[in-house]
Structures are given as C-alpha cells and as structure tokens.
Amino acid sequence: MMGYFINSSSGALIGTGSYTTDGASHGIALGPSGKFAYVANLGNPAASIFTVHANTGILSSAGQASAENQPVSVDTTGTRK
C-alpha cells in the first residue's frame, strides 16, 4: 500500500512511503478522528490498523483486528451493513 498526503499550498500529492499489510490491500478507510487508518486485507481474515501522524500523514502499524472471511472494505461509521 502506498501513502500520500496533500500539500495544502499547492494541492500536490506527496508520497509518504509504502506500507506492508497482511494480505492484498483492498479497501482503506480513515477513522472519524483522522488518527487511524483501517485497511481490508483480501486473502487474510483481518484488517490492518495504522496510526496517522497529524503533521506528516506518515502511517505506523498499530496491529490488526479480526474480520469475518476476507474483508474487501472497511466501514468506520459505526453502522454495520
């Protein structure tokens, strides 16, 4: 998975690096606070969790959460569909 942030002056995307997940990164969602990113891992019954640095957007691994089957998307709204 590749990470980017938006330069607030120019609007350009700036790469923050590549990040390893435990499967094929298939869906990503930013939590409501903007402090966490969640990645669905196709091929693995788990979602990867990352913390998001407030100033740089750089991600740091914060572990995994169990998921049913092989997740293809992440919902951070608190409602299950």
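In the block above lies the structure referred to throughout.
A short tour of the structure in this document, coming up. Residue indices begin from 1 for each chain and proceed along its sequence in written order. Selection of residues for local features in this predicted model requires a pLDDT of at least 70, selection of side-chain atom pairs for listing and counting requires 80 or more, and totals for whole chains, interfaces and linings are taken over all residues. Hydrogen atoms and water are omitted, and side-chain values are computed over all heavy atoms in the structure.

Examining the pairing of strand β5 (residues 46-52)
With 5 of 7 residues buried, β5 is to be regarded as a mostly interior element. Pairing analysis gives 5 bridges linking strand β4 (residues 36-42) to β5, with the strands arranged antiparallel. Across the sheet, residue phenylalanine 36 finds its bridge partner in β5, namely threonine 51. Joining the antiparallel neighbours β4 and β5 is a turn of 3 residues, in which glycine 43 adopts a positive phi near 95°. Sheet topology places β5 next to strand β6 (residues 59-66); 7 bridges connect them, and they run antiparallel. Each residue of the ladder has a partner; that of valine 52, found in β6, is leucine 59. Only protein chains enter the calculation, and the probe is 1.4 Å; a residue is then buried if its accessible area is under 20% of its type maximum, exposed if over 50%, and partly exposed in between. Numbering of helices and strands runs from the N terminus; a helix is a DSSP stretch of H or I covering at least four residues, while a strand is a stretch of E covering at least two. Note on pairing: two strands pair once DSSP finds at least 2 bridges between them.

No statement about biological role is implied by the geometric values presented.
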